[in-house]
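Letter by letter, the chains look like this.
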Amino acid sequence: MEQSDELICLDRFLHEHPWMCCVDAAGEVSSGEPGDSLLETAVPPRDRLGTFAALDAAMRRAGAVRDTFPGCEDPEDEAEELAKRLFAAVGEHLGLSLPRREIELGLLPAVHLPSPA
């Protein structure tokens with residue numbers, strides 16, 4: 001699969017957990033919070049292309065899925081550590097270095113796509 005055939009959106013609200021949505025080249029969607037598996041959901045996604053399995057494996061290697069997460073000494077640090085691991089996993093999966101600080105500060109270039117009329 002070409003990297004351009006896949007869309008991964010990481011969104012972090014100031015008062016919410018980061019949220020992730022992944023769309024594969026076939027238009028199939030999986031989403032979740034940090035610590036969630038993309039495959040082990042109430043309604044498992046169709047994954048005909050193996051996109052979600054590959055990303056889930058990267059998340060597990062990074063310890064970004066709760067059953068692979070070693071935990072934190074301070075439970076309040078858990079959400080932050082899971083977010084760090086999720087950014088690392090997505091970067092590994094896509095072969096990119098995600099500049100987290102710049103992302104969180106909104107310093108990356110953006111494109112506004114008009115709504116279809």
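Below or above, wherever it landed, is the structure these notes cover. (Residues numbered from 1 in each chain as written. Predicted model: local features only at pLDDT ≥ 70, side-chain atom pairs only at ≥ 80, totals over all residues. Heavy atoms only, no water.)

1. Some words on the packing of helix α1 (residues 51–61) against helix α2 (residues 78–94)
Right, on to step 1. Axis separation between α1 and α2 bottoms out at 8 Å; the angle between their running directions is 130°. It follows from the interaxial angle that α1 and α2 lie oblique. Judged by the twist between their axes, the crossing of α1 over α2 is right-handed. Within the contact between the two elements, α1 uses Thr51, Ala54, Leu55, Ala58, Met59 and Arg61 and α2 uses Leu86, Ala89, Val90, Glu92 and His93.
Right, on to step 2. A breakdown of the residues in the contact of α1 with α2 according to their chemical character gives seven nonpolar, two polar and two charged. (Axes fitted to C-alpha atoms, helices over the stretch in contact; angles between N-to-C directions. Helix = DSSP H or I, 4+ residues; strand = E, 2+ residues; numbered from the N terminus. Parallel < 35°, antiparallel > 145°, perpendicular 65-115°, else oblique. Left-handed = near helix turned anticlockwise from the far one by under 90°. Contact = heavy atoms within 4.5 Å. Nonpolar A, V, L, I, M, F, W, Y, C, P; charged D, E, K, R; others polar.)

2. Quick notes on the pairing of strand β3 (residues 29–32)
Right, on to step 1. Along β3, the buried face is formed by Ser30 and Gly32; none of Val29 and Ser31, which line the opposite face, is buried.
Right, on to step 2. As paired strands, strand β2 (residues 19–23) and β3 are joined by four bridges and run antiparallel to one another. Among the inter-strand pairings, Cys22 is bridged to a residue of β3, identified as Ser30. (Buried < 20%, exposed > 50% of the residue type's maximum accessible area, 1.4 Å probe, protein only. Pairing = 2+ DSSP bridges.)

3. Some remarks on α1
Right, on to step 1. Listed in full, the buried residues belonging to α1 are Thr51, Phe52, Leu55, Asp56, Ala58 and Met59. For α1, the buried positions fall inside an angular range of 160° around the axis, keeping them on one side.
Right, on to step 2. Taken together, the buried residues of α1 touch β1 (7–11), β2, β3 and α2.
Right, on to step 3. Of the residues flanking the end of α1, it is Gly63, one or two places downstream, whose phi is positive at about 75°. (Arc of directions from axis to C-beta.)

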